[in-house]
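Residue-level structure breakdown
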Amino acid sequence: MERPPLSATKRCPHCGQWSAHQLQPDDRCEHCQELLDPFGPQRQAELARAWKWEMPPMLLLPIPPTDPAWLRALKYGVVQ
Ligand SMILES: [Zn+2]
């Protein structure tokens, strides 16, 4: 059985045409070149920011590469 390629279509909120969607936040409509997801880039930026700020501070500590994995787990609470 042959499957269709891994792509999706999405109805453009601007012109109402179906357009190929590459599942990227900044995909644009084939017909009117508007963003298929008007909030995609904004949402992606917010996600990136949240991820950055919500990182536990301990993960920002330098971990000596000489530490074996079990010691790193003990020291930095990787296993909880
Ligand atoms: Zn469009």
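Everything below is about the structure printed above this text.
In this text, all values refer to a predicted model and were calculated from it rather than measured experimentally.

1. Quick look at the overall build of the protein chain
From N to C terminus, the protein chain includes two helices and two strands. A fraction of 7% describes how many contacts in the protein chain between residues 6 or more apart in sequence connect residues 24 or more apart. By element, 60% of the accessible surface of the protein chain is carried by carbon and sulfur atoms, the whole surface being about 7,000 Å².

2. So, the coordination of the zinc ion
Protein coordination at the zinc ion comes from Cys12 (SG), Cys15 (SG), Cys29 (SG) and Cys32 (SG), with a distance range of 2.3 Å. Here the donor residues of the zinc ion are spaced in sequence according to C-x2-C-x13-C-x2-C. A residue pair is termed long-range when its members are at least 10 positions apart, and Cys12 in the loop between β1 (8–11) and β2 (18–21) and Cys29 in the loop between β2 and α1 (40–53) qualify at 17 residues. The buried category is assigned to Cys12, whose relative accessible area is 3%.

3. Quick word on the pattern of salt bridges
In the structure shown here, the tally under the stated rule is one salt bridge. Among the ionic pairs, Arg43 bridges to Asp37, the shortest N-O distance being 2.6 Å. By relative accessible area, which is 15% here, Asp37 ends up buried.

4. What to know about unusual backbone geometry
The phi torsion of most residues other than glycine is negative, and most of the peptide bonds are trans. Unusually for a residue other than glycine, Leu23 sits at a positive phi of about 60 degrees. Here Leu23 lies in the loop between β2 and α1.

5. Remarks on the side chain of Asp27
Relative to the helices and strands, Asp27 is located in the loop between β2 and α1. Lys10 is the oppositely charged side chain nearest to the buried, salt-bridge-free Asp27, at an N-O distance of 8.6 Å. A polar contact is formed between the side chain of Asp27 and the backbone nitrogen of Gln22, at a distance of 2.6 Å. Among all residues touching Asp27, those that are not within four sequence positions of it are His21, Gln22, Glu34, Leu35, Leu36 and Asp37.

6. Quick word on the pairing of β1
As paired elements, β1 and β2 share four bridges and run antiparallel to each other. Within β2, the position partnered with Ala8 by the bridge is His21. A loop of six residues connects β1 with β2, the two strands running antiparallel in sequence, and Gly16 in this loop sits at a positive phi of about 80 degrees.

Cut-offs and rules
Residues numbered from 1 in each chain as written. Predicted model: local features only at pLDDT ≥ 70, side-chain atom pairs only at ≥ 80, totals over all residues. Heavy atoms only, no water. Helix = DSSP H or I, 4+ residues; strand = E, 2+ residues; numbered from the N terminus. Contact = heavy atoms within 4.5 Å. Areas by Shrake-Rupley, 256 points an atom, 1.4 Å probe, with all protein chains shown as cover. Donors = N, O, S within 2.8 Å, 3.2 Å for Na, K, Ca; no water. Buried < 20%, exposed > 50% of the residue type's maximum accessible area, 1.4 Å probe, protein only. Salt bridge = Lys/Arg side-chain N within 4 Å of Asp/Glu carboxyl O. Lys, Arg positive; Asp, Glu negative; His and termini not counted. Polar contact = N/O pair within 3.5 Å; in protein donor to acceptor, adjacent residues only side chain to side chain. Pairing = 2+ DSSP bridges.

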